[in-house]
Structure formats: C-alpha cells, structure tokens
Amino acid sequence: MQRRKFIQQTSTIGIIGIASQGFSIGKFVGTEEKVRCGFIGVGARGLSTLSLVLLRKDSVVTAICDIDPITTAKAVKAVTEAGYKSPTLYTDGEHAYKKLLDQKDIDVVFICTPWEWHTPMSVDAMKAGKAVACEVAGAMSIDECWQMVRTYEQTQTPFMIMENVCYRRDVMAVLNMVRQDVFGEMIHLEGGYQHDLREVKFNDGVNYYGGGVEFGDKGYSEAKWRTAHSLNRNGELYPTHGIGPVSSFININRGNRFEYLTSMASKARGLHKHITDHPKGGMNHANAKVDFKLGDVVTTNIKTANGESITLTHDTNLPRPYSLGFRVQGTKGIWMDVNKSMYIEGKSEPHRWESADAYSKTYDHPLWKKYENDASGAGHGGMDWFVLNAFIEAYKRKDPMPLDVYDHASWAVITCLSEQSISLGGEPQSFPDFTDGKWMSRKPVFALGEAY
Ligand SMILES: NC(=O)c1ccc[n+]([C@@H]2O[C@H](COP(=O)([O-])OP(=O)(O)OC[C@H]3O[C@@H](n4cnc5c(N)ncnc54)[C@H](O)[C@@H]3O)[C@@H](O)[C@H]2O)c1
C-alpha cells in the first residue's frame, strides 16, 4: 500500500522489586533486530503513530491495549493489512494495560491514552522494564512529575516524551540559527497551544464521526475526556507544544532551568457560546447549563535561571486559525512564526520584517536534509516521523533519550503551577528542580547527532 494512502487511512487526526525486571543496559533484546512495540491507547494519536511504526523495517507491533473495541479493531486491521500477524490484544478494562506489560516479547511501549493515564502507565511500564514513549500532556499534580522522575532514576528504563513540535522543520531551522548565534543572546521567547478544539470531528472518507456539542460518554475521541479538563481546571493545560521547542532553544535542564512562573486566565465564554449557537445545541441543550472553568485564553510568564523570559498561551475554545505562536528574540534579531517573519539586524532592511522562508532554507537542519524523503507524508508535516525515529534509534543505540524524563517533568509541571498561580491571583510559583542540581552540568543532546 502506498505510504501516503496508508497513513491517510490509519491516521484519525481531526480538526483538531523495581530494578529486578529493569531495562538491561547494553543489550538489544529485540527479535531479528526488530524493536518489539506495544501500544496502549490506539485512538487518534495512537493509530497515527502505529501506522508510522508499521512502515519501519526495524520495528514490529506485538501488542495492543485499548478499552474501545472500535478503535482496537481499526488498529488490528492496520497491522494485519501491513502484512504482520495480529498482535496480542488487551481490552478487558482500564487496567488491562498491566497485563500487556507482563508480555515478554515487548521492548517498548507507546502510551497514547488520555492525560490522566500517562503517569500510572509510564511508571508501571518503567518498572516492568519496557522503554516508554509517552504522548504529551500537562500533569495532574506536582507529585506525579516526581513519580516519573524517581521511577526513571530507580529503574533506568528509557523514557522519552514524544514532543513532535521540537522536530518541526521551521522550528529546527530556527534552532540551527540559535546555535549559530544568528539571533545573538536569547532574551525573550514565546509559544503556546492556540488551536480551535471546540469540535472534535473526523471524516475517514466514508463516515463522519464526532462534531456537535457533546462531550464525556456521548463525545467522540478527545471530546470523551479532554473537555472534562476545560470543565474542571483553569490553567495552562497543554504546555508542551510551545515549551518543548523553546526549551531546546535555551537549553532548559542543560545549563539553564525554569525558576518561576505567573499565570492569568481570561473569562470563559467560548465553549458556552459554541453550545448555544450550534445547530445540534441551543439554549435548551443540557450542556448549555454547564459552567466551564477554563479561561478561554490562559497566559503564563516564565523566568529562567539564565534570565530569559517566556510567554506561553493556551487558547483552544475560541474561533481562530491554528498557530503555536512562536517568537524567538535575541540581541541581534527576532523570528515570529504567526506571520512567518524574521528580522536580523544588519541583514534585514532596518525596521522592516522579511519573510522567514529564505532563512528556513539556508538554515535547514541537517537532519531534515538527510531524512526529508523518509518523513514525507508522515503526520504534522513530517515531524511525527522524526520524533518516532529519534525514540527508536536512541533505544537501539542505548543512547540517552533526546527528550527525557526531566524535560517531561519540567514541562508537564507548568500545568499544575499555572493552576496554582491563577487560583492565587497570579502569585509566582517556583519550579521544583527535578534534576536535583544536575541541570548545571548536563550538556545539550537534542538533534546534535547524525542519526536522530
Ligand atoms: N503530539 C501530538 O501532536 C498529539 C496529537 C493528538 C493527540 N496527542 C496526545 O495523544 C494522547 C491521546 O490523544 P488522542 O487524540 O489519541 O485521544 P483519543 O481519545 O482519540 O484516544 C485515546 C485512546 O485511549 C483509549 N483509552 C482510554 N483509557 C484507556 C485505558 N485505561 N487503557 C487503554 N486504553 C485507554 C481510548 O479508548 C482511546 O482509544 C493525548 O495525550 C493527546 O494529548 C498528541
């Protein structure tokens, strides 16, 4: 099956005694040099990642766990249609994943479940000695971030946070520019998650799924669980797509660290208006009475040990085109991705924006030049191929993961700290140092190798 067609068919992205079983360092245990993969959660994201794994010659899918029979069936079909035997299935309830973790012929697990499951599943997987590729999210509690870090430190089982935006082509070109000092010393950075998620819809070419104003049990895909966070929480709920790239620009946890943040939330109107205005909703719809807690625009300011300021924006419940809103500003120039513009003092016409396109070509990252064809057709403009490749290649080589448990903890904790700050009228909240001081001596590794 043609690569692009295959991905389109399997991707469902819409608009929107710990050490005893531990990881055996120095020994690749895969069969016939293939990395044996288990999947926990094969909804929109899990199925998309699974489809990329199936295209790799060095990996095989041996197990799938999901509580939804329809999504499970789609994933099994994807595996068998790719010419592999049907994987072992674990579908018997929310804790069935624990049985998957007992399965011997699994080297790595992909955790692509709702946010609240990421920590228990990752912790159990690390304890079972299965290397973890965990999807992105904010944390439920600060303690949860420590659990991840401590479990990793006790088990030494590889853990990677699968932040794909770190591998976006223009983002990596800008990283290249930062590393070549084109912007001068870093001063201020911005990013965020600005994506209209009011309706989760999907069209597989035959049927339409989702849409409307339902959530929870009556919702589809992320509307089943994600909307509950908008209902009950007020904070920077999804920090990693913005803070991941920003962290690689300024070497967070590798010579730099986040010190404190303050957050502010606007009023919440978007979801209520969406429900009352929608043809399937209206003023008399039951969900029109729901009081959503999440402010429509949540702004978080972070100060780093090296003196940079960072602004993150979370904006998912209002009408707007998608943009992660990056800004990278130093003593010599500035990049802004919303209008794809650049200004470099001495090169650009004074006081005039110029297009970032030429810079993106000139500073195209060597990994993108090398792997452009392999990544072609993969999700989110190819960056999904890169993040998967980085995980698999680092695992095979026994290298440290390029986006590790310390990155995960210091990104995911932003959610909890921002909730606290908002509830306290914008009071500053200090970041825990999850590295216990190691940030001062750790060296950057992200995208510095030839293989990933
Ligand atoms: N990196 C990206 O670009 C990107 C894009 C989309 C989603 N995500 C992330 O991926 C994760 C999953 O999101 P999604 O869009 O696929 O959601 P989804 O609702 O489509 O899929 C989640 C799947 O997990 C299953 N599940 C729920 N509880 C389970 C349990 N206890 N055991 C086993 N399976 C369980 C559900 O049945 C569902 O099939 C989230 O963290 C989300 O933020 C990342």
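Just so it is clear, the model here is predicted, and its values are computed rather than measured.

Here is what the cut-offs are and how they apply
- Residues numbered from 1 in each chain as written.
- Predicted model: local features only at pLDDT ≥ 70, side-chain atom pairs only at ≥ 80, totals over all residues.
- Helix = DSSP H or I, 4+ residues; strand = E, 2+ residues; numbered from the N terminus.
- Rg over C-alpha atoms; globule rule 2.2 N^0.38 Å.
- Pairing = 2+ DSSP bridges.
- Buried ≥ 20, exposed ≤ 12 C-beta atoms within 10 Å, placed from the backbone.
- Right-handed = clockwise from strand over helix to strand, strands pointing away.
- Core = buried A, V, L, I, M, F, W, Y, C linked by C-beta atoms within 7 Å.
- Domains from an automatic or database assignment.
- Contact = placed C-beta atoms within 7 Å.
- Near = placed C-beta within 6 Å.
- Nonpolar A, V, L, I, M, F, W, Y, C, P; charged D, E, K, R; others polar.
- Axes fitted to C-alpha atoms, helices over the stretch in contact; angles between N-to-C directions.
- Parallel < 35°, antiparallel > 145°, perpendicular 65-115°, else oblique.
- Arc of directions from axis to C-beta.

### A few points about the overall build of the protein
Within the protein one finds 14 helices and 17 strands. What you see for the protein is a C-alpha radius of gyration of 22 Å, in line with the 22 Å of a compact globule of 452 residues. Each principal axis of the C-alpha distribution contributes one length, and for the protein these read about 60 × 60 × 45 Å.

### Comments concerning the sheet that holds strand E17 (residues 429-430)
The strand order across the open sheet formed by 9 strands is E16-E15-E14-E13-E7-E12-E11-E10-E17, and the pairing between neighbours is mixed. The open sheet terminates on both sides in strands that have one partner only, identified here as strand E16 (354-355) and E17. Pairing of strand E11 (residues 298-304) with strand E12 (residues 309-315) involves 6 bridges; the strand directions are antiparallel. Bridge pairing links Thr300 to Leu312 in E12.

### Re the pairing of strand E5 (residues 131-134)
Burial of E5 is two-sided: the residues Ala131 and Ala133 facing one way and the residues Val132 and Cys134 facing the other way are all buried. Bridge analysis of strand E4 (residues 108-111) against E5 gives 4 bridges, and the strand direction is parallel. Bridge pairing in E5 links Val108 to Ala131. Following the chain from E4 across helix H5 (residues 118-127) to the adjacent parallel E5, one finds a crossover that is right-handed. Of the strand pairs in this sheet, E5 and strand E6 (residues 159-161) are connected by 3 bridges, and their pairing is parallel. When the bridges of E6 are listed, Cys134 appears paired with Ile161. Between the parallel pair E5 and E6, the chain is carried across by helix H6 (residues 142-155), and the sense of this crossover is right-handed.

### Some words on unusual backbone geometry
Even without glycine at this site, Asp181 takes up a positive phi of about 65°. Positionally, Asp181 belongs in the loop between helix H7 (169-179) and strand E7 (186-194). Positive phi is not limited to glycine here, since Asp436 has a value of about 50°. Mapped onto the elements of the fold, Asp436 is located in the segment after E17.

### Topic: the nonpolar core
Judged by nonpolar contacts, the single largest core of 120 residues is most densely connected at Phe39, Ile40 and Phe391. Per element, the largest residue contribution to this core is 10 residues, and it comes from helix H13 (residues 383-397). Each of two domains, domain 1 (3-157) and domain 2 (166-366 + 405-440), supplies a minimum of three residues to this core. Apart from the residues lying within four places of it in its own chain, the contact partners of Phe391 are Ala133, Met160 and Met162. By size, the runner-up hydrophobic cluster in this structure holds 5 residues, among which are Leu197, Val200, Tyr220 and Ala223.

### A few points about the site of the ligand
Gly41, Gly43, Arg45, Asp68 and Ser221 are the nearest of the 27 residues found near the ligand. Here the shell around the ligand takes 3 residues from helix H2 (residues 44-54), the largest share from any one element. Classifying every residue of the shell around the ligand by side-chain character gives 12 nonpolar, 8 polar and 7 charged. Per-domain counts for the shell around the ligand show at least three residues from each of domain 1 (3-157) and domain 2 (166-366 + 405-440).

### Things to note about the pairing of E11
Burial of E11 is one-sided: the residues Val298, Thr300, Ile302 and Thr304 facing one way are buried, the residues Thr299, Asn301 and Lys303 facing the other way are not. One ladder, built from 7 bridges, connects strand E10 (residues 258-265) with E11; its direction is antiparallel. Within E11, the position partnered with Met264 by the bridge is Thr299. Linking two consecutive strands that pair antiparallel, namely E11 and E12, is a turn of 4 residues; a positive phi of about 95° is found at Gly307 within it.

### Here's the deal with the sheet that holds E5
Taken in spatial order, the 6 strands make up an open sheet running E3-E2-E1-E4-E5-E6, and their pairing is parallel. Looking at the sheet topology across the chains shown, the edges are occupied by strand E3 (88-90) and E6. Between one strand and the next, the sheet's axes are offset by a mean angle of 25°, whatever the strand orientation. Inspection of the sheet shows strand E2 (residues 59-65) paired to E3 by 3 bridges, in the parallel sense. For Ala63, the partnering residue across the bridge sits in E3 and is Thr88.

### Observations concerning the packing of H6 against helix H14 (residues 405-423)
At a closest axis distance of 8 Å, the pairing of H6 and H14 adopts a crossing angle of 175°. Here H14 runs roughly antiparallel to H6, going by the angle between their axes. Across the interface between the two elements, Ile142, Cys145, Met148, Val149 and Tyr152 from H6 touch Val405, Tyr406, His408, Ala409, Ala412, Val413 and Cys416 from H14. Among the residues making up the contact of H6 with H14, the classes are represented as 11 nonpolar, 1 polar and no charged.

### Digging into the domain arrangement of the protein
One can read the domain layout of the protein as domain 1 (3-157) and domain 2 (166-366 + 405-440). Computed over C-alpha atoms only, the centres of domain 1 and domain 2 are separated by 25 Å. Of the residues forming the side of domain 1 that touches domain 2, the biggest block, 5 residues, is contributed by H6. Looking at the side of domain 1 that touches domain 2 residue by residue, the classes come out as 13 nonpolar, 5 polar and no charged.

### Quick word on the packing of H2 against helix H3 (residues 69-81)
The N-to-C vectors of H2 and H3 enclose an angle of 10°; their axes lie 10 Å apart at closest approach. One way to sum up the angle between H2 and H3 is to call them roughly parallel. On H3, the residues that touch Leu47, Leu50, Ser51 and Leu54 of H2 are Thr71, Lys74, Ala75, Ala78 and Val79. A per-class count over the contact of H2 with H3 returns 6 nonpolar, 2 polar and 1 charged.

### Description of helix H10 (residues 270-277)
Taken residue by residue, H10 has Gly270, Leu271 and Ile275 as its buried positions. Seen end-on, H10 carries its buried residues on one side only, within an arc spanning 130°. Buried-residue contacts for H10 involve helix H8 (226-232).

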